[in-house]
Amino acid sequence: MSKISKTPTNDFCPQTLFLYGTYDDEGRPDFGLFCWFSYIWDGELGVMACIGGDKLTKENIHKRKVFSANLVTEALLPLADFLGNTAGHSPEKMSLDLCTEEGRVLPVPVLTASPVAFELEVRQFLPLEGGEVMLCKIHNVLQEDSLANESAGSPEKLAAIAPVRTTCNRYFSWNGSDLGAWGEAMKRL
Ligand SMILES: Cc1cc2nc3c(=O)[nH]c(=O)nc-3n(C[C@H](O)[C@H](O)[C@H](O)COP(=O)(O)O)c2cc1C
């Protein structure tokens, strides 16, 4: 296969999307959209997450060391796109009325409409030049009841919850169809 060289890019490498939930100083839940999220092994399964620049999510995590990571589905995409394109400190985002519940194990806000959520505690902050990697312990995984249904297989369950993937500044459905450029889905809110 003939190849060309590119400057650093992750185009054509699809990533799963999560909404990170944190509480601010007034106890209000804030959610931001994130894709630099993956898994690590440290005697047990853990999570690594990278946050670039300064944002409310990062401030809140620094203060409390805990957050939730809620899987983004097609049903959640307009909201997720808005939360990824609106700064946490902006009045627009602050006034959003989201349906949330408390984590079962950690004091983190969980998005009720997300079918899978991790309750995470940061065990190590690794500051970088302008960004930060966080290594996290998974204290709990919340999964919608239907995912435990033994009469259906994982392909059917994934098709039903329809997680969204992203690459090339666009969103894609679980089966690969185009769901539009970043910033488009939020217009349907
Ligand atoms: C598709 C998409 C993926 C994103 N992934 C990340 C990410 O992995 N890391 C990051 O620092 N910011 C990421 N962002 C930007 C944050 O979502 C954005 O800064 C948001 O305002 C953060 O919320 P907050 O201001 O309430 O903290 C992403 C934005 C979009 C649209």
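Look above for the structure.
How each quantity is defined
- Residues numbered from 1 in each chain as written.
- Predicted model: local features only at pLDDT ≥ 70, side-chain atom pairs only at ≥ 80, totals over all residues.
- Heavy atoms only, no water.
- Pairing = 2+ DSSP bridges.
- Helix = DSSP H or I, 4+ residues; strand = E, 2+ residues; numbered from the N terminus.
- Axes fitted to C-alpha atoms, helices over the stretch in contact; angles between N-to-C directions.
- Contact = heavy atoms within 4.5 Å.
- Near = heavy atom within 4 Å.
- Polar contact = N/O pair within 3.5 Å; in protein donor to acceptor, adjacent residues only side chain to side chain.
- Areas by Shrake-Rupley, 256 points an atom, 1.4 Å probe, with all protein chains shown as cover.
- Nonpolar A, V, L, I, M, F, W, Y, C, P; charged D, E, K, R; others polar.
- Patch = residues over 30% accessible without salt bridge, like charges linked within 9 Å, V, L, I, M, F, W, Y side chains within 5 Å.
- Salt bridge = Lys/Arg side-chain N within 4 Å of Asp/Glu carboxyl O.
- Buried < 20%, exposed > 50% of the residue type's maximum accessible area, 1.4 Å probe, protein only.

### Side note on the sheet that holds strand E2 (residues 18–23)
Point 1. A sheet is described by the order of its strands in space; here seven strands give the open sequence E3-E2-E6-E9-E10-E5-E4, paired in antiparallel fashion. The open sheet is flanked by strand E3 (29–34) and strand E4 (37–41), the only strands paired with a single partner. Here the average twist between neighbouring strands, direction ignored, is 35°.
Point 2. On the sheet, helix H2 (residues 77–84) packs against E2 and E3 and is oriented at approximately 95° with respect to E3.

### Observations concerning the site of the ligand
Point 1. Every one of the 23 residues lining the ligand counts as a neighbour, but Asp 30, Leu 33, Gly 52, Thr 57 and Gly 88 are closest to it.
Point 2. At 3.4 Å, a backbone N or O of Leu 56 approaches an oxygen atom of the ligand.
Point 3. Measuring from an oxygen atom of the ligand, one finds a backbone N or O atom of Gly 88 at 2.7 Å.
Point 4. Protein chains shield 90% of the accessible area of the ligand, which is 640 Å² for the free molecule.
Point 5. Where the shell around the ligand is concerned, the elements lending two or more residues are E3, strand E5 (45–52), helix H1 (56–64) and H2.
Point 6. Top contributing element to the shell around the ligand by residue count: E3, with five residues.
Point 7. Here the shell around the ligand is built from residues that sort into 13 nonpolar, seven polar and three charged.

### Side note on a nonpolar patch on the surface
Point 1. Together, Tyr 39, Trp 41 and Leu 45 line one region of the surface with nonpolar side chains, adding up to about 380 Å² of accessible area.
Point 2. By the element assignment, Leu 45 lies in strand E5.

### A few points about H1
Point 1. Listed in full, the buried residues belonging to H1 are Leu 56, Thr 57, Lys 58, Asn 60 and Ile 61.
Point 2. Positive phi shows up at Lys 65, right after H1, with a value of about 65°.

### Considering the pairing of strand E13 (residues 178–181)
Point 1. Pairing analysis gives two bridges linking strand E12 (residues 170–172) to E13, with the strands arranged antiparallel. Across the sheet, residue Arg 170 finds its bridge partner in E13, namely Ala 181.

### Some details on the environment of Thr 57
Point 1. Among the structural elements, Thr 57 can be located in helix H1.
Point 2. Linking Thr 57 and Thr 86, residues 29 residues apart in sequence, is a C-alpha distance of 12 Å.
Point 3. When residues no more than four places from it in sequence are discounted, the contact partners of Thr 57 are Tyr 20, Thr 22, Asp 30, Gly 32, Phe 34 and Ile 51.

### Looking at the pattern of salt bridges
Point 1. In this structure the tally under the stated criterion is nine salt bridges.
Point 2. Across the pair Arg 123 and Glu 121 runs a salt bridge, and its minimum N-O distance is 3.2 Å.
Point 3. Residue classification places Arg 123 among the exposed residues on the basis of a relative accessible area of 52%.
Point 4. Judged by its relative accessible area of 21%, Glu 121 is partly exposed.
Point 5. We note a salt bridge from Arg 170 to Asp 178, for which the minimum N-O separation is 2.8 Å.
Point 6. Several salt bridges converge on common partners, so that one network encompasses Asp 24, Glu 26 and Arg 28.

Shape descriptors only; they carry no functional weight alone.
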